[in-house]
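Observations on the model geometry
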Amino acid sequence: MEILDQLDALNEKIRQTEAYQQYCRYRALLEEDKEVSQLIDQFTRLKLDFEEVQRFGRYHPDFSTKRREINQFKKKLDMHPVIMEYRRSEYQLQALLDEVLYHVSTSVSSNVNVVSSNPFFSVSGESGCSTGGSCGCQSAG
């Protein structure tokens, strides 16, 4: 029970960080902005159209056109200021969570395998069953 209380306290501290506050602010903006909603809806339709064409691969007569169209629209979507700021805040929050996970994990054991998209938090030089290294275990077989 004490561990759960400590996790609740850690969760509350994370919610008080600037990274979390910005993420919430931009997530709300993303959901409220009518232009962004229209862009996302249009991208979803384009994506569904492309998936239908993609079933036939590059042999479909519209494959290149649809692929180019969706790539250009994705770039337009990604360059929208609200989406850019949302993604930036999402990345910053993820970096904070990765760092917290890393510190909690390594405080339990220095041999724990931390899964993270951030290479800074990867435990290097480790080898063993869980990392694909040669730990000397014999397989039963």
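The shown structure was predicted, so the numbers you read here are calculated from the model rather than taken from an experiment.

Definitions and cut-offs
- Residues numbered from 1 in each chain as written.
- Predicted model: local features only at pLDDT ≥ 70, side-chain atom pairs only at ≥ 80, totals over all residues.
- Heavy atoms only, no water.
- Axes fitted to C-alpha atoms, helices over the stretch in contact; angles between N-to-C directions.
- Helix = DSSP H or I, 4+ residues; strand = E, 2+ residues; numbered from the N terminus.
- Parallel < 35°, antiparallel > 145°, perpendicular 65-115°, else oblique.
- Left-handed = near helix turned anticlockwise from the far one by under 90°.
- Contact = heavy atoms within 4.5 Å.
- Nonpolar A, V, L, I, M, F, W, Y, C, P; charged D, E, K, R; others polar.
- pLDDT = per-residue confidence, 0-100.
- Buried < 20%, exposed > 50% of the residue type's maximum accessible area, 1.4 Å probe, protein only.
- Expected span 1.5 Å × (residues − 1).
- Arc of directions from axis to C-beta.
- Polar contact = N/O pair within 3.5 Å; in protein donor to acceptor, adjacent residues only side chain to side chain.

It is worth spelling out the packing of helix α3 (residues 34–54) against helix α4 (residues 63–78) at this point. Running from N to C, α3 and α4 cross one another at 155 degrees; their axes reach a closest spacing of 10 Å. Judged by the angle between their axes, α3 and α4 are roughly antiparallel. In this structure, α3 crosses over α4, and the sense of that crossing is left-handed. Judged by residue contacts, Leu39, Ile40, Gln42, Phe43, Leu46, Lys47, Asp49, Phe50, Val53 and Gln54 of α3 engage Phe63, Lys66, Arg67, Glu69, Ile70, Phe73, Lys74, Lys76 and Leu77 from α4. Classifying every residue of the contact of α3 with α4 gives 10 nonpolar, 2 polar and 7 charged.

Relative to the assigned elements, His80 resides in the loop between α4 and α5 (81–108). Those residues within four positions of His80 in sequence are excluded, and the remaining contacts are Asp33, Glu35, Val36 and Leu39.

Once that is clear, we can look at the confidence of the model for the chain. Looking at the chain as a whole, its pLDDT mean stands at 84, while 81% of the residues score no less than 70. Long-range and interchain partners of residues 130–141, a stretch whose pLDDT sits below 50, account for 9 contacts in this model, where long-range means more than four residues apart.

This brings us to the packing of α4 against α5. How two helices pack is summed up by the angle between their axes together with the distance between the axes. Direction vectors running N to C along α4 and α5 enclose 75 degrees, while the axes themselves pass 6 Å from each other. When the interaxial angle is binned, α4 and α5 end up roughly perpendicular. For the pair α4 and α5, contact is made by Lys74, Leu77 and Asp78 and by Ile83, Met84 and Arg87, respectively. By residue class, the composition of the contact of α4 with α5 is 3 nonpolar, no polar and 3 charged.

All right, on to the environment of Ile83 then. Position of Ile83 among the secondary structure elements: in helix α5. Accessibility expressed as a relative area gives 5% for Ile83, which makes it buried. Apart from residues no more than four positions distant in its own chain, Ile83 is found in contact with Leu30, Val36, Leu77 and Asp78.

The subject of this paragraph is α3. The first and last C-alpha atoms of α3 sit 30 Å apart over 21 residues, in line with the 30 Å expected at 1.5 Å per residue. For α3, the complete set of buried residues consists of Val36, Leu39, Phe43, Leu46, Phe50 and Val53. On an axial view of α3, the arc spanned by its buried residues comes to 100 degrees, and they lie on one face. Turned more than 90 degrees away from the buried face of α3 sit Lys34, Gln38 and Leu48, all of them exposed. Taken together, the buried residues of α3 touch α2 (18–32), α4 and α5. Looking at where α3 begins, the residue whose side-chain oxygen comes 2.9 Å from the main-chain nitrogen of Glu35 is Asp33.

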